[in-house]
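# Survey of secondary and tertiary structure
Listed below are the residues making up each chain.
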Amino acid sequence: SVVALDRRTDKMIAVGGDAKMMYEKEHPNIRTIRPLRDGVIADFTACEQMMRGLIKMVHSGNRFFSPSLRMVIGVPSGSTEVELRAVRDSAEHADGRDVYLIFEPMAAALGMGLDVEAPEGNMIVDIGGGTTEIGVVSLGGLVISKSIRTAGDKIDISIVNYIKEKYNLLIGERTGEEIKIAVGSAVQLEKELSVVVKGRDQVSGLLSRVELTSEDVREAMREPLKEIADALKTVLEMMPPDLAGDIVETGIVLTGGGALIRGLDKFLSDIVKLPVFVADEPLLAVARGTGKALEEIGLLQQLTNEE
């Protein structure tokens, strides 16, 4: 969720993956913005530009496309009314005709192919960029949910700060994310991994490099992963007894980019003493769920967050 704008004209240059490649590497005439921070809109204008850019990408080459369209947007389950209104307004300004908001744990459950309308509980932990969403889905609704602003972004920052404190090396958030993907793990690995990290030495001011192991990264991520585990325990403690029986039977499913951290399923399973599984293609679960909701208007109106 990145957009690159021309500083002089405020015209959009790139959006999505192309804009992310420019992040923290741009020259003075380009500014790259992440319009969403901690799961909420931090820059309303840039968010609108990003939505327009993504819509244009989807419909490029379609001469008969009408810019007024139906949109479904996944939102954190802990969003306030003000935050939800900001998302809706931004979508409407980007030419959304009918805008529906669906809570991300529900969208993730749909994206995994679960029967969300069945009288059985399914527990989802969606670890995104800005928020971790924990929800129990049953009978077409969220029975229990908890949203915390500890997720991928905070893990990246923890890695950046750890390297700064231990090795006096300054790196950016984007590099922190690359390190997490390359060698990050929540539990000890049979064969520990390593990666060479390049940055600027904050003492000498010269460019330098250090070799970082997965053990280092595990230590760097320890605190945010503990916060996610504590939030999961809190939700389990709130669970009604009959739903708890379902979760003991079916286990907990991890989705979102954070689910790809090596050994995170085992890390959480050891803490909560329940089976924990990583969904197939966890990165796409919420997106696919919003798509499924969009295909069926009746289900969409039942599941989305409407007044």
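Structure: above.
Quick notes on the rules
The numbers attached to residues start from 1 for each chain and follow its sequence in the written order. With pLDDT at 70 or above as the cut-off, local features in this predicted model cover only qualifying residues; side-chain atom pairs require 80 or more to be listed or tallied, and sums for whole chains, interfaces and linings still use all residues. Side-chain descriptors were evaluated using all non-hydrogen atoms of the structure, hydrogens and water having been removed beforehand. Here a strand is any run of E in DSSP of at least two residues, a helix any run of H or I of at least four, and the numbering for each starts at the N terminus. As used in this structure description, the phrase polar contact means that two N or O atoms lie within 3.5 Å; if the pair is within protein, one of them must be able to donate a hydrogen and the other to accept it, and residues adjacent in sequence are counted only when both atoms belong to side chains. Here, any two strands with at least 2 DSSP bridges between them count as paired. Every angle, taken between N-to-C directions, lies between 0 and 180 degrees, and every axis is a line fitted to C-alpha atoms, over only the stretch in contact when it is a helix. Contact criterion: two residues are considered in contact whenever any of their non-hydrogen atoms come within 4.5 Å of each other. Only protein chains enter the accessibility calculation, which uses a 1.4 Å probe; a residue is then buried when its area is under 20% of its type maximum, exposed when over 50%, and partly exposed in between. Handedness of a crossover is defined as follows: with both strands directed away from the viewer, a clockwise route from the first strand across the helix to the second makes it right-handed. Nonpolar core, defined: a set of buried Ala, Val, Leu, Ile, Met, Phe, Trp, Tyr and Cys residues in which side-chain atoms within 4.5 Å join the residues together.

On the secondary structure map, Arg88 appears in helix H3 (residues 81-93). Here Val99 takes part through its backbone oxygen, which lies 2.9 Å from a polar atom of the side chain of Arg88.

Turning our attention to the sheet that holds strand E10 (residues 141-148). Pairing is mixed across the open sheet formed by 5 strands, whose spatial order is E10-E9-E8-E14-E15. Where the open sheet ends on each side, the last strands, each with one partner, are E10 and strand E15 (276-278). The sheet shows a mean angle of 20° between the axes of neighbouring strands, direction not considered. Pairing geometry for strand E8 (residues 122-127) and strand E14 (residues 252-255), over 4 bridges, is parallel. Across the sheet, the residue bridging to Met123 is Ile252, located in E14. Sheet strands in contact with helix H4 (residues 104-111) are E8, strand E9 (132-138), E10 and E14, and its direction is about 65° off that of E9.

With that settled, the discussion passes to the pairing of E10. Relative to E10, E9 runs antiparallel, the two being bridged by 7 bridges. Bridge pairing in E10 places Val137 opposite Leu142. If you look at the hairpin formed by E9 and E10, you'll find 2 residues sitting between the two strands, and Leu139 has a positive phi there, around 55°.

In this section: the pairing of strand E6 (residues 69-75). Of all 7 residues making up E6, 5 are buried, and the element is well covered by its neighbours. Bridging between E6 and strand E7 (residues 96-103) involves 7 bridges; their strand directions are parallel. What sits directly across from Val75, in E7, is Phe103. Read as a crossover between parallel neighbours, the route from E6 over H3 to E7 is right-handed.

This part is about the nonpolar core. Among the nonpolar cores identified, the biggest contains 44 residues, and Met123, Ile179, Leu225, Ile252 and Leu264 are the most heavily contacted of them. Broken down by element, the residue count for this core peaks at 9 residues, all from helix H7 (residues 214-237). Not counting residues within four places of it along the chain, the set of residues in contact with Ile252 comprises Met123, Val125, Leu232, Ile247, Val272, Leu274, Pro275, Val276 and Phe277. In this structure, Ile124, Val137, Val253 and Leu299 belong to the second largest nonpolar core, which totals 18 residues.

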